[in-house]
Amino acid sequence: MPVEQREDTVVWRRRDKRQAVIHWFVTLGIAAVVLWCFKLIADDTTWEFVWSAPEQGADLAIRMFLPEWFVDIPQLWRDGELWVHVAEYFRQRGLYAMELWDPLVDTIHIATLGTVLGVMIASPLAFLAARNTTPSTTFVRPIALALLVTSRSVNSLIWALLLVVIIGPGMLAGIIAIALRSVGFCGKLLYEAIEEIDENTRDAVKSTGASGMQVLTFGVIPQIAPAFAGISIYRWDINIREATILGLVGAGGIGMALQSAIDTLAWGQVSVIFLAILATVVLSEWVSAKARAAVT
Amino acid sequence: MLVIEGLLKRYPDGFEALKGVDVTIEDGELVALIGPSGAGKSTLIRCVNRLVEPTEGTIELNELELTTLNRAGLRRARRRMAMIFQNYALVERLTVMENVLSGRLGSVGFFKSLFRRFPQDDVDNAFALLEKVGLEGLHDRRADALSGGQQQRVGIARALMQDPDILLVDEPTASLDPRTARQVMGLLADLCEEHGLAAIINIHDVPLARDYTDRILGLKAGELVFDGPPEELTDDVLPEIYGGEDWSKEPSEDDEEEEDIRSSGQFLAEEVL
């Protein structure tokens, strides 16, 4: 009983005594399990690697961002040669950045074409999967849902890995990988949007004697248009980021440049690629924020 | 002429929303359908255009049996029956004109409707109807930018665009303030008279039903318990439809503006519902 009579006042507690004791022991149990899990993880950890991580990280950052002549700066300054070296540092990196234009544009192409293709496949699937537009809940809907789940459960990097084997390395593998992963994401959000439409409006269009396709184009599509645009733009934004790593498995884009830079231990180039990716992602965030504001 | 015989609707869980309703509606007759929530009013009119599939019984519109029609036949039959909804049920992101023209969807091909190439006659008719319902000049406005009363007028124009034989009207005034409700009911009654249209109007508001219709049907728990002219719907009859006892007591009314519009019957009706 949460309500208790104590002398002449009525006291209210959230839990009665028995519930409070049970609650306390359950909390204790959860804490014990968490600590036990920590111990399991700690036992399997090679702590030498963990302790040396700051050192390793700093070393990598130095190799990526600092020039080899960094320690010689006072000497170079005295010799009056510092500015020559600084200029050379930026010239090399600038030249390399120019080389990155093509893979960068490729990356954006992969993301954009992949999104368009993905949305094109996802749209009909969404109508087949939505409970209120599917032609059959017992047969067609489960198939459509299964296709969406399959697409969603495989990461685009894995799709790319498979596709590079099937259709060979290059942008096409990347585009299809992005598209296959986008189908599940866009299809799921889209069919949820379709299931949330106002059925009254649909009934109103139906009751004019409109055909099935007319009911779809007048009664359903105008209602999901903002969601459709929002979902596509959001996915494009995600795909820009995903497309930057697809090159690691040979599916085109800037990831391929990253792969070869890492393979040749060209850490200076790696740093330039990171900055280029950062700039692209920031740009895509900005574009998609603007576009989303425009459609709603 | 709409002839409904033995109309029964049983849902999969066994609930019977309509338990054998017989009613005949003559051409040009304006009929109000009243009754408490859950009495089956909406089910009844939705069975007529088969947005709800009837379980048993027959419905004939001008000698055409509706309950056994196939898809194509049903589409053709639906052109003859127009529906007006409580929440207007407009396509909110489309313009007023597109909504009004959507009344012609049953008669216009898919691609013509997709690219909005409606026949000129339809467009002329749409402009004329917009003027008639008092929305001239608003054809380019998006439907969701209109007030409730205006949206319901668009709904009425869309229904008339179909050039139907009968109007199925589901709670046309329930989302409107009392004054706008009167205007909309008046407009509906005038237009029905002008076009010689029959109409079944589901309505909670008993005084409005009394004032604007030729005949009142009372539905209670899926059965027709009253059928007669508005004069016969006295305060003695209302408890039979709505249940409860005291229908003659004057309600305490503190909203002066609404006093002339809301009379005791409606006030109590809302209380019971």
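1. Concerning the overall build of chain B
Within chain B, the regular secondary structure consists of 10 helices and 10 strands. With 273 residues in all, chain B has 55% of them scored as buried. Approximately 12,200 Å² of chain B is accessible, and the part contributed by carbon and sulfur atoms is 44%.

2. Some thoughts on the overall build of chain A
From N to C terminus, chain A includes 13 helices and 2 strands. Whereas a compact globule of 296 residues would reach a radius of gyration of roughly 19 Å, chain A reaches 29 Å, over 25% beyond that. For chain A, the C-alpha atoms occupy an extent of roughly 85 × 75 × 40 Å along the three principal directions. Here chain A holds 296 residues, and the buried ones make up 40% of them. Of the contacts made within chain A by residues no fewer than 6 positions apart, 66% connect residues no fewer than 24 positions apart. As presented, chain A carries roughly 17,300 Å² of accessible surface, and 70% of it is formed by carbon and sulfur atoms.

3. Brief notes about the interface of chain A and chain B
Across the boundary between the two partners, chain A contributes 19 residues, which contact 29 residues of chain B. For the chain A and chain B pair, buried surface summed over both sides reaches about 2,000 Å², with 63% attributable to carbon and sulfur atoms. At the boundary of chain A with chain B, the tally comes to 1 salt bridge. Notably, a salt bridge pairs Arg46 of chain B with Asp203 of chain A, separated by 3.2 Å at the nearest N-O pair. Our count for the contact surface shared by chain A and chain B stands at 7 residue pairs in polar contact (both at pLDDT 80 or more). Sort the elements by how many residues they give to the side of chain A that touches chain B and helix 11 (residues 212-246) of chain A lands first, with 7 residues. Class assignment for the residues of the side of chain A that touches chain B results in 9 nonpolar, 8 polar and 2 charged.

4. Remarks on the packing of aromatic side chains
Residue and element names in this part refer to chain A. Considering all chains together, one arrives at 6 aromatic pairs over all chains under this definition. Consider the rings of Trp24 and Phe25, whose centres lie 5.2 Å apart with planes at 85°: the pair is edge-to-face. Summarising the burial analysis for this pair, Trp24 and Phe25 share the class exposed. Relative to Trp83, the ring of Trp77 has its centre 6.3 Å away and its plane inclined at 80°; by these criteria the two rings are edge-to-face. Across the pair, exposure class does not vary: Trp77 and Trp83 are exposed alike.

5. Details of the domain arrangement of chain A
Here chain A is partitioned into domain 1 (3-47) and domain 2 (100-295). Its C-alpha centre places domain 1 of chain A at a distance of 44 Å from the equivalent point of domain 2 of chain A.

6. A look at helix 10 (residues 199-206) of chain A
Listed in full, the buried residues belonging to helix 10 of chain A are Thr201, Arg202, Asp203, Ala204 and Val205 of chain A. Among the structural elements, helix 11 of chain A together with helix 1 (41-48) and helix 6 (148-161) of chain B are those in contact with the buried residues of helix 10 of chain A. N-capping of helix 10 of chain A is provided by Asp198 of chain A, with a side-chain oxygen placed 3.0 Å from the backbone N of Asn200 of chain A.

7. A closer look at the sheet that holds strand 9 (residues 215-220) of chain B
All names here are of chain B. With mixed pairing, the 6 strands of this open sheet are ordered in space as 6-7-8-3-9-10. With partners counted over all chains shown, the strands left at the sheet margins are strand 6 (81-84) and strand 10 (223-228), one partner each. Within this sheet the neighbouring strands show an average axis-to-axis angle of 20°, counted without direction.

8. Side note on the confidence of the model for chain B
Residue and element names in this part refer to chain B. For chain B, per-residue confidence averages 86 on the pLDDT scale, and residues scoring 70 or more make up 89% of the total. No element of chain B has a lower mean pLDDT than helix 10 (residues 264-272), at 44, and none a higher one than helix 3 (residues 96-101), at 95. For residues 252-273, every residue scores under 50 in pLDDT, and the model assigns this stretch 33 contacts once sequence neighbours within four places are set aside.

9. Side note on the environment of His195 of chain B
Residues and elements named next belong to chain B. For His195, the location among the structural elements is in helix 7 (residues 178-195). Looking at His195, the relative accessible area reads 37%, which means it is partly exposed. It is 8.3 Å that separates the C-alpha atoms of His195 and Gly28, two residues lying 167 residues apart in sequence.

10. Quick notes on the sheet that holds strand 5 (residues 64-65) of chain B
Residue and element names in this part refer to chain B. Strand order across the open sheet formed by 4 strands is 2-1-4-5, with antiparallel pairing between neighbours. Pairing within the sheet leaves two strands with one partner each, and these edge strands are strand 2 (16-25) and strand 5. Examined bridge by bridge, strand 4 (residues 56-61) and strand 5 share 2 bridges and lie antiparallel to one another. From the neighbouring strand, Leu61 faces strand 5, where its bridge partner is Leu64. The strands that helix 1 touches are strand 1 (2-10), strand 2 and strand 4; relative to strand 1, the one it contacts most, it runs at about 120°.

11. What to know about the pairing of strand 7 (residues 166-170) of chain B
All names here are of chain B. Along strand 7, 5 of the 5 residues are buried, which leaves the element largely enclosed by surrounding structure. Burial along strand 7 is two-sided: the face carrying Ile166, Leu168 and Asp170 and the face carrying Leu167 and Val169 are both buried. Across 4 bridges, the pairing between strand 6 and strand 7 is parallel. For Ala82, the partnering residue across the bridge sits in strand 7 and is Leu167. Alignment of strand 7 against strand 8 (residues 198-202), held across 5 bridges, turns out to be parallel. Across the sheet, Ile166 pairs through a bridge with Ala198, a residue of strand 8.

Parameters and conventions
Residues numbered from 1 in each chain as written. Chains lettered and ligands numbered in written order. Predicted model: local features only at pLDDT ≥ 70, side-chain atom pairs only at ≥ 80, totals over all residues. Heavy atoms only, no water. Helix = DSSP H or I, 4+ residues; strand = E, 2+ residues; numbered from the N terminus. Buried < 20%, exposed > 50% of the residue type's maximum accessible area, 1.4 Å probe, protein only. Areas by Shrake-Rupley, 256 points an atom, 1.4 Å probe, with all protein chains shown as cover. Rg over C-alpha atoms; globule rule 2.2 N^0.38 Å. Contact = heavy atoms within 4.5 Å. Buried area = accessible area lost by both parts, 1.4 Å probe. Salt bridge = Lys/Arg side-chain N within 4 Å of Asp/Glu carboxyl O. Polar contact = N/O pair within 3.5 Å; in protein donor to acceptor, adjacent residues only side chain to side chain. Nonpolar A, V, L, I, M, F, W, Y, C, P; charged D, E, K, R; others polar. Phe/Tyr/Trp six-rings, centres within 6.5 Å; stacked < 30°, edge-to-face > 60°. Domains from an automatic or database assignment. Pairing = 2+ DSSP bridges. Axes fitted to C-alpha atoms, helices over the stretch in contact; angles between N-to-C directions. pLDDT = per-residue confidence, 0-100.

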